[in-house]
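# Tertiary structure, described
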Amino acid sequence: FATVIANLLENALSAASQLASDGYVRFTIQQVKGQLAVSVVNPYRGTCDISPVTGLPVSHGGPGHGYGLRSVQSFVSSIHGDFDYDTAGGLFTVRLLIDLEA
């Protein structure tokens, strides 16, 4: 779980740092009715291309990049949680919902 959070924050900080003074990362984690809700939001520059194969954003970071969200999605799926992302309004948002009672 710590690796998932670190990956999400690393991605968000990398994107936000490209925006100079307008960049930020909003990270929230809270318990809601026996579930852990995690949200990471950051603005991004440019377009967000979505892979027709994975349904996830395509990394333009070169070789060795582009596996982070796949690993997050895989981890959350393996523990029967929910993974969602959105790219609306120039904001990249990732949301996780994990059942603490499972």
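Scroll up to find the structure this text is about.
Computed from a prediction, not measured in an experiment: that's the story for all the values here. Within every chain, residues take consecutive numbers counted from 1 along the sequence as written. Local features are withheld for residues below a pLDDT of 70 in this predicted model, meaning they are given only at 70 or higher, and side-chain atom pairs are given and counted only at 80 or more; totals for whole chains, interfaces and linings count all residues. Note: side-chain values were computed over all heavy atoms of the structure, leaving out hydrogens and water.

Tallying secondary structure elements over the chain gives 2 helices and 4 strands in all. Along the chain direction, N to C, the helices and strands of the chain fall in the order α-β-β-α-β-β. In terms of overall dimensions, the chain is globule-like: its C-alpha atoms have a radius of gyration of 14 Å, near the 13 Å expected for 102 residues. Judged by the C-alpha coordinates and their principal axes, the chain covers about 40 × 30 × 25 Å. In this text, helices come from DSSP runs of H or I with a minimum length of four residues, and strands from runs of E with a minimum of two, each type numbered from the N-terminal end. For the radius of gyration, the atom set is restricted to C-alpha positions; the globular benchmark scales as 2.2 Å times the number of residues to the power 0.38.

Consecutive side chains of a regular strand alternate in pointing toward one face of the sheet and then the other. Paired strands, as defined in this entry, are two strands with at least two bridges between them according to DSSP. Direction of pairing for strand β2 (residues 35-43) relative to strand β4 (residues 91-99): antiparallel, over a ladder of 9 bridges. Within the sheet, the bridge partner assigned to S39 lies in β4 and is R95. With 5 bridges joining them, strand β3 (residues 82-86) and β4 adopt antiparallel strand pairing. The residue bridging Y85 from the neighbouring strand is V94, located in β4. Taking the residues between adjacent antiparallel strands as the criterion, β3 and β4 are bridged by 4 residues, where G89 takes a positive phi near 65 degrees.

For the rest of this paragraph, the subject is the packing of aromatic side chains. Between 30 and 60 degrees the pair is tilted, below 30 it is stacked and above 60 it is edge-to-face, where a pair is any two Phe, Tyr or Trp rings, Trp via its six-membered ring, whose centres lie within 6.5 Å. Overall, the coordinates contain 2 aromatic pairs when judged by the stated rule. With 6.4 Å between their ring centres and 45 degrees between their planes, F83 and Y85 make a pair best called tilted. Pair check on accessibility: F83 and Y85 agree, each one buried. Between Y85 and F92 the ring centres are 5.9 Å apart and the planes differ by 20 degrees, which places this aromatic pair in the stacked class. An aromatic cluster of three or more residues is present, and its members are F83, Y85 and F92. Each residue gets one of three labels from its accessible area relative to the maximum for its type: buried under 20%, exposed over 50%, partly exposed in between, using a 1.4 Å probe on protein chains only.

Moving on: helix α2 (residues 68-78). Of all the positions in α2, only G68, L69, V72 and V76 are classed as buried. End-on, the buried residues of α2 take up no more than an arc of 90 degrees, which puts them together on one face. Pairs of residues are marked as contacts when any of their non-hydrogen atoms sit within 4.5 Å. Buried-residue contacts for α2 involve α1 (2-17), β3 and β4. Relevant arc is that of directions from the helix axis to the C-beta atoms, nothing else.

Right, let's talk about the packing of α1 against α2 for a bit. With their axes 10 Å apart at the nearest point, α1 and α2 run at an angle of 145 degrees to one another. Here α1 and α2 pass one another in a crossing that is left-handed. Between α1, through V4, N7 and L8, and α2, the contact on the second element is made entirely by G68, L69, V72 and F75. Partitioning the contact of α1 with α2 into residue classes produces 5 nonpolar, 2 polar and no charged. The convention used is that axes are lines fitted to C-alpha atoms, helices contributing only their stretch in contact, and that angles between N-to-C directions extend from 0 to 180 degrees. Crossings are sorted by hand: turned counterclockwise from the far helix by less than a right angle, the near helix makes the crossing left-handed, and turned clockwise it makes it right-handed. Classification used: nonpolar for Ala, Val, Leu, Ile, Met, Phe, Trp, Tyr, Cys and Pro, charged for Asp, Glu, Lys and Arg, polar for all others including Gly.

Of all 9 residues in β2, 8 are buried; the element is thus mostly enclosed. Note: strand β1 (residues 26-32) against β2, 7 bridges, orientation antiparallel. The residue bridging F27 from the neighbouring strand is V40, located in β2. Connecting the antiparallel pair β1 and β2 is a turn made up of 2 residues, with K33 showing a positive phi of about 50 degrees.

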